[in-house]
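Topology and contacts: notes
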Amino acid sequence: MSLIACHECDLIHRVGPVPEGSAARCSRCGALLYQHKRNSLERTLALTVAGLILFVVANAFPFLGFKLQAQVREIILITGVQELYHQGMWILATVVLLTTIIMPAAQMMGLLYVLVPLRLNRIPWKLKEVFRFIQSLRPWAMMEVFMLGILVSIAKLSKMATIVPGIAVFAFMALIFILAASLAVLDPHAVWERIKIQESSRDIPVARANLIGCHTCHLLCRLPSQGGHGLTCPRCGTHLHRRKPNSIARTWALILAAAIFYVPANVLPITIVTSLGKKQADTIISGAMYFISSGMWPIALVIFVASVFVPLIKLLTLSYLSFSVQRKSRWRPVDRTKLYRMTEVVGRWSMMDVYVVTILVALVKLGALATIEAGPAAVYFCALVIITMFAAMSFDPRLIWDQTEDRNE
Ligand SMILES: [Zn+2]
Ligand SMILES: [Zn+2]
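Figured I'd write up the structure that's included with this text. (Residues numbered from 1 in each chain as written. Chains lettered and ligands numbered in written order. Predicted model: local features only at pLDDT ≥ 70, side-chain atom pairs only at ≥ 80, totals over all residues. Heavy atoms only, no water.)

1. What about the pattern of salt bridges?
Within the structure shown, the criterion is met by 10 salt bridges. For the salt bridge of D10 with R243, the shortest nitrogen-to-oxygen distance reads 2.9 Å. Residue D10 is found in the loop between β1 (2-5) and β2 (12-15), and its partner R243 is found in the loop between β9 (220-222) and α8 (247-267); the two are separated by 233 residues along the sequence. No difference in accessibility class separates D10 from R243, as the two residues are buried. Among the salt bridges present, the one from R243 reaches D402, with a minimum N-O distance of 2.7 Å. One end of the pair, R243, is in the loop between β9 and α8; the other, D402, is in the segment after α14 (398-401), and 159 residues separate them in sequence. Under the relative-accessibility criterion, R243 is labelled buried at 15%. (Salt bridge = Lys/Arg side-chain N within 4 Å of Asp/Glu carboxyl O. Helix = DSSP H or I, 4+ residues; strand = E, 2+ residues; numbered from the N terminus. Buried < 20%, exposed > 50% of the residue type's maximum accessible area, 1.4 Å probe, protein only.)

Printed below as a string of structure tokens:
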């Protein structure tokens, strides 16, 4: 039996031993509290090793080939980043490099660093820091969104030229599944449990007001009788806050900033195509229109949903949630928590447009015959996606529950 505070509504639960393969969910808001996975660390380790091999193949071998008339161009995964950098879009180049290459690599190397010693019953140096870092990288590794970007780019270029997928594309696709599987079988508790802490800080019943749940490792900690500022979790070292500091003010500021970027992201050109001396600038909307006019409406729909609809819905939802907390609303807290969970999951898919631009500028570089450059909207759009992700992270869903009465049991 151990006590655990729900990270989304702060209800305290007594969780007994969870049988293998099943999960404990919060009885009030439905958030996943704890999942017991069989041989979690061994399986994660095996998948991570497989992932690293695929990662090397995906980066070293030809990614896509582009054939137009007699000209052929072959690119590797990092070519898009290099092209963006040469066009002066170094912010965009950095974001793409981080989200598609560096973060997934760091995740896998970190897992290897943590899991190999644990397998040998040793505690690796700086385990807390490294494992916390791996957990925090999770929303920023966006290989599956990049894959969607590849598919849209191929569709976009299919009428203009022949696209030949290289061996690296297949390795990349397999890597997405392997990495997703390795994170799915990973049971963070199995790692945190290896860190020994004094039992006295564990679960002595004290008043609810003096208990605080750690956001990273979910350990329920006791607040000292006075103060509590600058307190860190005795197990993983995360700073403890009863609620995220200045959650609502920070969320509003980020929503506002994102709303400002939303306009140039949709109005300014995102790609500039030069073909046989003619220049043509495309916005996100006109790009989607092209697909409708050429009969590829499912792709138009994907672009429209990912780039126009999702950011807008996300901003509106976060505004509503912040507003409802400020109004001290008691209306349907379970549904509002679900709404929050949805905004967290869906937002990253908007990054697709940035990746489409990356692939287009990398592939279509045939001098006077056809060249594509990134337009200014790409930078605004990238900023928009990142800011809305931060906005969702700064909102504290436990605030929704602070107004409901059954706070203690
Ligand atoms: Zn809950
Ligand atoms: Zn902790």
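From this point on, the discussion continues.
2. Here we look at the sheet that holds strand β10 (residues 271-275)
Taking strand neighbours across the sheet as the criterion, the three strands line up as β11-β10-β12 in an open arrangement whose pairing is antiparallel. Here the strands that pair on one side only, and so sit at the sheet edges, are β11 (278-282) and β12 (371-374). Strand-to-strand, the axes of this sheet are offset by a mean angle of 20 degrees, without reference to chain direction. Sheet topology note: the β10/β11 ladder contains five bridges and is antiparallel. In the sheet register, I272 faces β11, and the bridge partner there is A281. (Pairing = 2+ DSSP bridges. Axes fitted to C-alpha atoms, helices over the stretch in contact; angles between N-to-C directions.)

3. Examining the packing of helix α3 (residues 90-119) against helix α4 (residues 127-137)
Each packed pair of helices is defined by two parameters, the angle between the axes and the distance between the axes. It is the contact of α3 with α4, at a shortest axis distance of 9 Å, that shows an interaxial angle of 145 degrees. Note on packing geometry: the crossing formed by α3 with α4 is left-handed. Side by side, α3 and α4 meet where M103, A106, Q107, G110, L111, Y113 and V114 of the first sit next to L127, V130, F131, I134 and L137 of the second. Classifying every residue of the contact of α3 with α4 by side-chain character gives 10 nonpolar, two polar and no charged. (Left-handed = near helix turned anticlockwise from the far one by under 90°. Contact = heavy atoms within 4.5 Å. Nonpolar A, V, L, I, M, F, W, Y, C, P; charged D, E, K, R; others polar.)

4. Points about the coordination of the zinc ion (ligand 1)
Distances from the zinc ion (ligand 1) to its protein donors, namely C6 (SG), C9 (SG), C26 (SG) and C29 (SG), fall within the range 2.2 to 2.4 Å. One way to put it: the four donor atoms around the zinc ion (ligand 1) meet at angles of 105 to 113 degrees, and that makes the site tetrahedral. Donor residues binding the zinc ion (ligand 1) come from one chain and are separated in sequence as C-x2-C-x16-C-x2-C. Separated by 17 residues along the polypeptide, C9 in the loop between β1 and β2 and C26 in the loop between β3 (23-25) and β4 (32-35) bring together distant segments of the chain. Each member of the pair, C9 as well as C26, is classed as buried. (Donors = N, O, S within 2.8 Å, 3.2 Å for Na, K, Ca; no water. Tetrahedral: all angles 85-135°; square planar, octahedral: opposite > 155°, others 65-115°.)

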